[in-house]
Amino acid sequence: MSGSDTQEDLNAAICQYSELLAAQLHSQRESLFPPDASKSMRKFTSGEAAALLGVNDSYLRKLHLDGKGPSPEVSSGNRRQYSAEDIHNLRVLLEKTARRPGDYLPGRRAGDHLQIIGVMNFKGGSGKTTSSAHLAQRLALKGYRVLAIDLDPRASLTALHGVQPEFDPVDGGTLYNVIRYEDPVPIAKVIRRTYIPNLDLIPGNLELMEFEHETPRVLYRGNAGLFFFRVKEALAQVDEQYDVVVIDCPPQLGFLTISALSAATGVLVTIHPEMLDVMSMSQFLRMTADLMDVIADSGADMSHDWMRYLLTRYEPTDAPQNRIVDFLRTMYGDKVLNAPMLKSTASSDAGLTKQTLYEVERSPFTRTTYDRAIESLNAANDEIAQLIQKTWGALMTDSKKKRMSMLDSLAAAGTPPAPGSMMSSNRALRSARDAVDAHHVWELDPADIQDERYSDRLDPKDVQDLRASIEQNGLTEPSLVLPPVDLWRGTKPSQAAKLRPLSNVSRSGANAATAPAVTGPIPGIVQSRRK
């Protein structure tokens, strides 16, 4: 056996290689970003700023000439450049005179719930972290208040945002410190501001693995409680401070991923369109479904707003990839996002300096290469932003907006909902908005249904059955509701008016034209979807 082949202790070898690599990476980081330097966002051209704001470049020029808003940096060629902070300040200025609320600050309105997006896959190399980083940054640049959470112990998302996971998170500083079983800290203590306005970060590092090791021990002792709610409960502490949370999940189905799934309102699964990746995803989905069944049996609510598949590192000229893409679209339909993230050398080159495509300057790249990559990123991320807005009910036609205003009138005219009632929860409001979208305007609290409030037209046993059905399935057929709660099953407004002398009948139903005029507190038509 030669000297180079002599046996060595595996643990010592791994430790040596780990320390050598970490030292080299740290040295590279210090050469790119000196110890006293902090990472900053590049400047944006006036065209880029206008595109982010959704206005014309000429309008930005007019604002500058009129002395309104922040003053851009003007180069020797009379080119205007805006910082990310300038763009945010312009959003605030333009929102004050916007025709519709949310045109320039598209975040949550009253009643909208926090969107928690879990980005995940079972297989490394699927573009999960790249997708998470670009999604978080794009949403922040578009005016959303975003919290990015690195739940992957490899901490690539953390490194992309200028934090060296081996050195920077002193005394913890990861989500583990918030969700650990002994002496958890408030989540506010681990949140870091980034160099992009509206984007905060909770870094990750190897410390996150402690949660994977501790949870089995605590479960064995029987005092873990509902461990899968720990991430959700932690985020509840800052619910009002953000519009969107983007979680970069580990590439395995451990306790961290399960906790993130239990907290998520939206799930984004990244897919590299190769057969081995699709086969791996099949196992991931099967295992996830089995675990979610166990969690649901423990009493967890696993409902979510949306789940989508994002094609990553896609090469349109690759025939086998196109066959895989066709296969996935045929099978999953519109659950596969229309816009894929294309494979590009621009993304790889940006990664060499631990930057995203939104951070790097355009000049070092071939113009067509950069533009093609950035356009695919924008299209995919903006499609996700539309999903968020749809969940909040912001993408409505004018007729839908009128019906939504009727819901606001109902809330203003009626008695405020009791704590714990269906209308007092975000989910109930989403159900109410679904009802508005289906030409209905009210949501019923089944706890208010009392036998004595019903006309003798209904058999008491039918009333009891109806109440039980509503509690279990929600309302599955149109019903007239009058204050105090008086429900007529399967009744249209015009027919209800004939059955009883009613002074108040909703005009939102199918036969609203024949219904009496609305006066006083407005009753409504209730309709929920069967679960």
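Residues numbered from 1 in each chain as written. Predicted model: local features only at pLDDT ≥ 70, side-chain atom pairs only at ≥ 80, totals over all residues. Heavy atoms only, no water.

1. Quick notes on the packing of helix α8 (residues 209–221) against helix α10 (residues 255–263)
Logical step 1: Interhelical geometry of α8 versus α10 gives an angle of 85 degrees and a closest axis separation of 8 Å. The angle between α8 and α10 places the two elements in the roughly perpendicular class. Within the contact between the two elements, α8 uses Phe-211, Glu-212, Thr-215, Pro-216 and Leu-219 and α10 uses Phe-255, Leu-256 and Ser-259. (Axes fitted to C-alpha atoms, helices over the stretch in contact; angles between N-to-C directions. Helix = DSSP H or I, 4+ residues; strand = E, 2+ residues; numbered from the N terminus. Parallel < 35°, antiparallel > 145°, perpendicular 65-115°, else oblique. Contact = heavy atoms within 4.5 Å.)

2. Notes on the nonpolar core
Logical step 1: By size, the foremost hydrophobic cluster in this structure holds 57 residues, and its most contacted members are Leu-60, Ile-117 and Leu-357.
Logical step 2: Residue contributions to this core peak at ten residues, all from helix α14 (residues 367–392).
Logical step 3: Leaving out residues up to four positions away in the same chain, Leu-60 has contacts with Ser-46, Ala-49, Ala-50, Leu-53, Val-55, Arg-80, Tyr-82 and Leu-90.
Logical step 4: Core analysis: the second largest hydrophobic core is formed by 54 residues, Ile-116, Leu-147, Ile-149 and Leu-342 among them. (Core = buried A, V, L, I, M, F, W, Y, C linked by side-chain atoms within 4.5 Å. Buried < 20%, exposed > 50% of the residue type's maximum accessible area, 1.4 Å probe, protein only.)

3. Let's talk about the pairing of strand β9 (residues 266–271)
Logical step 1: A large share of β9 lies buried, amounting to six of its six residues.
Logical step 2: Here β9 shows a buried face lined by Gly-266, Leu-268 and Thr-270 and a second buried face lined by Val-267, Val-269 and Ile-271.
Logical step 3: Bridge count between strand β4 (residues 115–120) and β9: four bridges; the pairing is parallel. Note on β9: the bridge partner recorded for Met-120 is Val-269.
Logical step 4: Two strands pair when backbone bridges link them, and β9 and strand β10 (residues 306–311) are joined in this way by six bridges, in the parallel orientation. (Pairing = 2+ DSSP bridges.)

4. Some points on the sheet that holds strand β3 (residues 80–82)
Logical step 1: What the three strands build is an open sheet, ordered β1-β3-β2; its pairing is antiparallel. On the outer flanks of this sheet lie β1 (44–45) and β2 (73–74), each paired with one strand and no other.
Logical step 2: Relative to β3, β2 runs antiparallel, the two sharing two bridges. Bridge pairing links Glu-73 to Gln-81 in β3.
Logical step 3: Contacting β2 and β3, helix α3 (residues 57–65) crosses the sheet at an angle of about 90 degrees to β3.
Logical step 4: Packing against the sheet, helix α4 (residues 84–96) makes contact with β1 and β3, and its axis sits at approximately 85 degrees to β3.

5. Side note on the side chain of Thr-288
Logical step 1: Relative to the assigned elements, Thr-288 resides in helix α11 (residues 275–297).
Logical step 2: Residue Thr-288 is classed as buried on the basis of its relative accessible area, which comes to 11%.
Logical step 3: Ignoring any residue separated from it by four or fewer positions in sequence, one finds Thr-288 in contact with Leu-253 and Leu-261.

6. Points about the packing of α10 against α11
Logical step 1: Where α10 contacts α11, the two axes come as close as 11 Å, and the packing angle between them is 70 degrees. The angle between α10 and α11 falls in the class roughly perpendicular. Crossing hand, α10 versus α11: right-handed. Contacts between α10 and α11 involve Ile-258, Leu-261 and Ser-262 from the former and Thr-288, Leu-291, Met-292 and Ile-295 from the latter.
Logical step 2: The residue makeup of the contact of α10 with α11, split by class, is five nonpolar, two polar and no charged. (Left-handed = near helix turned anticlockwise from the far one by under 90°. Nonpolar A, V, L, I, M, F, W, Y, C, P; charged D, E, K, R; others polar.)

7. Considering the pairing of strand β7 (residues 199–202)
Logical step 1: Of the two faces of β7, the one carrying Leu-199 and Leu-201 and the one carrying Asp-200 and Ile-202 are both buried.
Logical step 2: Summarising the sheet, strand β5 (residues 146–150) and β7 pair through four bridges and their orientation is parallel. Residue pairing for β7: Leu-147 is matched across the bridge by Asp-200.
Logical step 3: Here two bridges tie strand β6 (residues 192–193) to β7, and the two strands are oriented antiparallel to one another. Counted as the bridge partner of Arg-192 is Leu-201 from β7.
Logical step 4: Between β6 and β7, which pair antiparallel and follow one another directly, the connecting turn spans five residues, one of which, Asn-198, has a positive phi of 75 degrees.

8. Let's talk about helix α12 (residues 319–332)
Logical step 1: An ideal rise of 1.5 Å per residue puts 20 Å on 14 residues; α12 measures up with 20 Å between its terminal C-alpha atoms.
Logical step 2: For α12, the complete set of buried residues consists of Gln-321, Ile-324, Val-325 and Leu-328. Mapping the buried residues of α12 onto a view down its axis gives an arc of 100 degrees, with all of them on the same face. In α12, the exposed positions angled more than 90 degrees off the buried face are occupied by Arg-323 and Thr-330.
Logical step 3: Where α12 is buried, its residues meet β9, α11 and β10.
Logical step 4: Capping the start of α12, Asp-318 holds a side-chain oxygen 3.2 Å from the backbone nitrogen of Gln-321, two or three residues further along.
Logical step 5: Gly-333 occupies a position one or two residues after α12 and carries a positive phi of about 60 degrees. (Expected span 1.5 Å × (residues − 1). Arc of directions from axis to C-beta. Polar contact = N/O pair within 3.5 Å; in protein donor to acceptor, adjacent residues only side chain to side chain.)

9. Some words on unusual backbone geometry
Logical step 1: Here the phi dihedral of Asp-183 falls at roughly 50 degrees; this positive angle occurs in a residue that is not glycine.
Logical step 2: By the secondary structure assignment, Asp-183 is in the loop between α7 (176–179) and β6.
Logical step 3: You will see that Asn-198, though not glycine, has its phi angle at about 75 degrees, which is positive.
Logical step 4: Counting through the fold element by element, Asn-198 comes out in the loop between β6 and β7.
Logical step 5: The exposure class of Asn-198 is partly exposed, given its relative accessible area of 22%.

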